[in-house]
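# Reading the structure
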Amino acid sequence: MSDVMLPKDRASQLLVLCYHRVADTGGGAFNGFLPNVSADPREFERQMSLVARAYTPIGIERLVEWLDGGGELPERPALVTFDDGYLDNGEVALPIMRRHGIRPLIFLATDYIGNGRAFPWDVVAYCLATTRKTGGKLPLLGQATFADEASRVRLASEWMAACKEEPADERSEWLRQLAEATDVPVSSTDLPWKACMDWDLVRRLAARDVDFGGHTCSHPILSRMPPGEAAREIADCFDRLAVELGRPPLAFAYPNGSARDFRPDDERAVARAGFKIGFSLEPGPVGLASVRERPHAVPRIYIGRRDSGFRFWLKIKGAAVAMGRARQALRRGLSIAGRAGAR
Ligand SMILES: [Zn+2]
């Protein structure tokens, strides 16, 4: 372990990484919404190698046993998770993880498993990647130029960010309008690009060495819907996984996952549904005492495709936590200065 500088004081912390997809994005063929690609296979191999050497990879069962009072965790425990349920988690990431003895935990949005449905962001990316138009008026964004690949990728992100602010039940209508505006007649149900696992594959992987958790049914942002509806999304997801897997799932991850995307009501609904643990996307790593204190909102470290090399190392060392604290301190300082100035 002399080739990397390793964190020395992390024995009482839990590292949870959050990936979405591991895929090669070169080659020109359409390959989904680019921001969801967390790493290419070579970079992912490097990251898993570092995790295996510097931490002790654990599975979700071990973590839940510990939460239930069943013994100690190993030093520097680390858990590697994936959101959404993409096929490449099994095809590309899993063989790499097996080589490094790391057991993945994959969070499924159950409405998208086994029926060929595509996530809205992949539909948006497809419309913008394949349109013959070079510009025009887009719903939610207005007039836009999309003559080159870079602007198409950027617009797909901007469009999704705008769409996420709209009520969840209006999402399919906004998508229909985007397909019309780009003149690409596709919808979630007929995208010519298969993204997600089906239940047969899920069961095969679960029987071997992959754990599955819940990520709601339809992937809404829970805080943008009435608490009762959010609770139904969570409970129905738990029930579906229990039926399909033949055993109750242990873990849940909030869609989008930042502090503004779920409420205390939603945390309680996750516990009530039967999930033993819940994961957010507030930045980790996190102290084990905090995991015990708030087991249904455990922070994770989001890994994106720009987090390669040194950036990855900084992130797992807790750079995002430190930056968040610095921002909070700065905001506090500014508001104190503001109040003093107003007097
Ligand atoms: Zn998700």
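Owing to the predicted nature of the structure, the values given are computational and were not obtained by experimental measurement.

What counts and what doesn't
- Residues numbered from 1 in each chain as written.
- Predicted model: local features only at pLDDT ≥ 70, side-chain atom pairs only at ≥ 80, totals over all residues.
- Heavy atoms only, no water.
- Donors = N, O, S within 2.8 Å, 3.2 Å for Na, K, Ca; no water.
- Helix = DSSP H or I, 4+ residues; strand = E, 2+ residues; numbered from the N terminus.
- Buried < 20%, exposed > 50% of the residue type's maximum accessible area, 1.4 Å probe, protein only.
- Pairing = 2+ DSSP bridges.
- Domains from an automatic or database assignment.
- Contact = heavy atoms within 4.5 Å.
- Buried area = accessible area lost by both parts, 1.4 Å probe.
- Salt bridge = Lys/Arg side-chain N within 4 Å of Asp/Glu carboxyl O.

Let us now look at the coordination of the zinc ion. For the zinc ion, the full set of protein donor atoms is Asp 84 (OD), His 215 (NE2) and His 219 (NE2), at a range of 2.1 Å. Read in sequence order, the donor residues coordinating the zinc ion give the pattern D-x130-H-x3-H. With Asp 84 in strand E5 (residues 77–84) and His 215 in the loop between strand E9 (211–214) and helix H8 (227–245), this pair connects stretches of sequence that are 131 residues apart. Exposure remark for Asp 84: the relative accessible area of 2% places this residue in the buried category.

The side-chain alternation of E9 yields two buried faces, one formed by Asp 211 and Gly 213 and the other by Phe 212 and Gly 214. Sheet analysis places strand E6 (residues 105–108) next to E9, joined by 4 bridges and oriented parallel. Considered in E9, the bridge of Ile 106 is made with Phe 212.

On to the domain arrangement of the protein chain, then. Per the domain assignment, the segments of the protein chain are domain 1 (13–115 + 194–342) and domain 2 (120–182). Each partner contributes residues to the interface: domain 1 has 17 residues there, and domain 2 has 14 residues. Together domain 1 and domain 2 conceal approximately 1,300 Å² of surface at their shared face, both sides included; 59% is due to carbon and sulfur atoms. Together, Phe 30, Phe 33 and Arg 224 form the three largest contributors to the area buried by domain 1 at its contact with domain 2, with a combined 44%. One salt bridge connects Arg 224 with Glu 165, and the closest N-O pair in it is separated by 3.3 Å.

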